[in-house]
Structure formats: structure tokens, C-alpha cells
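Commentary on secondary and tertiary structure
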Amino acid sequence: MIGAYAFASCTSLTSLSLVGSFQTIGDCAFASCGMTSLTIDATITSIEKYAFSSNSLTSLSLTGNVQKIGDHAFDSCSSLNTATLPKSLTSIGSYAFDSCTSLGSIEIPGTVTEIGDCAFYNCDGLTSVKIDEGVQSTGADMFNGCDILATVELPESLTTIADGSFASCSKLDHVNIPARVTCIGNSAFANCTSLSEI
């Protein structure tokens, strides 16, 4: 394990390649560093709260065995423009990618069973979202405030669209609701002012 705040605010640390037997990256372990490049070895299974928040990452590719991305793990990484999530992933925490304002698209693996509130809140550069087959529920306010989000692909496995999931996505003009959906939560598509086809 890499402990909490182990390298926090090491502002000259610009790249990181984690190898060895580490399984967990602790809370705020690399928060507020100057990191632009990150490689995570296959032994890592858990990235905890705020682990890489407020970094200068431009791309993120998580491979191997990462199962958990904790709350606020990549919060305010405003230069992050691409993120690849692994097929091993089961949990995305609340505000995990909050205010990653350069992120253009995201694909949620079908292995994900838990999505916290506001996971991609205010990612106002996000234009397209694909949620893979296997995911059964969106997270509350998951894409709230993604105001140029125009394309959303939902899986047939989806049964619940949680409260506020796509609220204030003002460029979203159509969405196909899968046949298995039995619950569309409060304000799920509120203030989607361009939405003309469901």
C-alpha cells in the first residue's frame, strides 16, 4: 500500500510509473502534484479518495486489475482529455472525475456495479458517453452539468436512470431509453433544453 498523503503536493513530480507489489493507492497519495503522465501496474486494485486529484494529467489508461476508483480520485484534473477505464472495474466513487473539464468522451465498462453520486459532474467538455452492456444503473447526478454532452449510448441491461443523471445536459437532443428501464429518477433529464426525442 502507498499511504495517505505519501507524495501529496510534490509539485515537481510530473510522471509516475508504479511497479512492484502495491495493491492500494491511499487517500490523497499523489494529490496536487504536477503529474502529466501516469502508468499503473497490474497489481493495483484500488485507487482511494483524492489519490490523484488536482493533477495536470492529460491522459489516463487504467489496465490490469483496478477494481475501485474512489471518491474524488481524479477530481479537478482539468487537463485530462482521455481516460480509459479497465474491464476489471466494479466501482466508481462519488465525484471521481468531477470537473475534469477537458475530458471529451468516456466509456463505462459493463463490469461496473456501483457508481457514486456526481461521478462526472461538471465535465463540461464531455461530448459523448457510452455505457457498456452489463451496467444496470446510472449514478445520481452522474453527468449533471455536462452542458455540451450530445451523444449518450445506454445498454439494454440498464434498469434504472438515477436522480439527476443527465440534468442540465443542454446539448442532448435525443436519448433511447432501453426496454428494461423501470425507474427514471427525479430530475433525471431536467433542463435538457435541446431534448426533442425520447
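Residues numbered from 1 in each chain as written. Predicted model: local features only at pLDDT ≥ 70, side-chain atom pairs only at ≥ 80, totals over all residues. Heavy atoms only, no water.

The number of helices and strands found in the protein is 0 helices and 14 strands. Ordered by position in the sequence, the α and β elements of the protein form the string β-β-β-β-β-β-β-β-β-β-β-β-β-β. A compact globule built from 198 residues would reach a C-alpha radius of gyration of about 16 Å, and the protein, at 16 Å, matches this within 12%. Dimensions of the protein, computed from C-alpha atoms along their principal axes, come out at roughly 50 × 25 × 20 Å. Classification of the 198 residues of the protein by burial places 47% in the buried group. (Helix = DSSP H or I, 4+ residues; strand = E, 2+ residues; numbered from the N terminus. Rg over C-alpha atoms; globule rule 2.2 N^0.38 Å. Buried < 20%, exposed > 50% of the residue type's maximum accessible area, 1.4 Å probe, protein only.)

Further remarks concern the nonpolar core. Of all hydrophobic cores here, the largest spans 58 residues; its most connected members are I47, F52, F74 and F143. Looking at this core, the elements that each hand over two or more residues are β1 (15-18), β3 (37-40), β9 (105-108) and β11 (128-131). If we ignore the near neighbours within four places in the chain, the residues touching F143 are I106, F120, L126, V129, L149, S165, F166, A167 and C169. (Core = buried A, V, L, I, M, F, W, Y, C linked by side-chain atoms within 4.5 Å. Contact = heavy atoms within 4.5 Å.)

Here we come to the sheet that holds strand β4 (residues 46-47). Strand pairs in the sheet, formed through backbone hydrogen bonds, run parallel or antiparallel to each other. Strand order in the open sheet formed by 5 strands is β2-β4-β6-β8-β10, with parallel pairing between adjacent strands. Each edge of the open sheet is held by one strand with a lone partner, namely β2 (24-25) and β10 (114-115). As paired strands, β2 and β4 are joined by 2 bridges and run parallel to one another. Within β4, the residue paired with T24 across the bridge is S46. (Pairing = 2+ DSSP bridges.)

Quick look at the sheet that holds strand β12 (residues 151-153) now. Taken together, the 3 strands give an open sheet; going across it, the order is β9-β11-β12, and neighbouring strands pair in parallel fashion. Sheet topology places β9 and β12 at the edges, where each strand pairs with a single neighbour. Pairs of neighbouring strands in the sheet enclose a mean axial angle of 5 degrees, with direction left out of account. Where β9 and β11 come together, 4 bridges link them in parallel fashion. The residue bridging S105 from the neighbouring strand is S128, located in β11. (Axes fitted to C-alpha atoms, helices over the stretch in contact; angles between N-to-C directions.)

Along the chain, L60 turns up in strand β5 (residues 59-61). Between the C-alpha atom of L60 and that of T82, which follows or precedes it by 22 residues, the distance is 6.2 Å. Sequence-distant contacts of L60, defined by excluding residues within four places in its chain, comprise L38, F74, L80, T82, A83, T84 and F97.

Residues other than glycine seldom take positive phi values, yet H72 does so here, at roughly 60 degrees. Looking at the secondary structure, you find H72 in the loop between β6 (68-69) and β7 (82-84). Judged by its relative accessible area of 16%, H72 falls in the buried class. Positive phi, close to 60 degrees, is recorded for N122, a residue that is not glycine. Tracing the backbone through its elements, the reader meets N122 in the loop between β10 and β11.

Overall, the coordinates contain 9 aromatic pairs when judged by the stated rule. Three or more aromatic residues link up through ring pairs in this structure, and these residues are F7, F30, F52, F74, F97, F120, F143, F166 and F189. (Phe/Tyr/Trp six-rings, centres within 6.5 Å; stacked < 30°, edge-to-face > 60°.)

On to the pattern of salt bridges. Applying the stated criterion across every chain, the model contains 3 salt bridges. A salt bridge links K87 to D132; its shortest N-O distance comes to 3.4 Å. Of this pair, K87 sits in the loop between β7 and β8 (91-92) while D132 is found in the loop between β11 and β12, placing the two residues 45 residues apart along the sequence. D132 is paired through a salt bridge with K130; the nearest N and O atoms lie 4.0 Å apart. When its relative accessible area of 10% is taken as the criterion, D132 is described as buried. Of the residues examined, K130 reaches a relative accessible area of 34% and is grouped as partly exposed. (Salt bridge = Lys/Arg side-chain N within 4 Å of Asp/Glu carboxyl O.)

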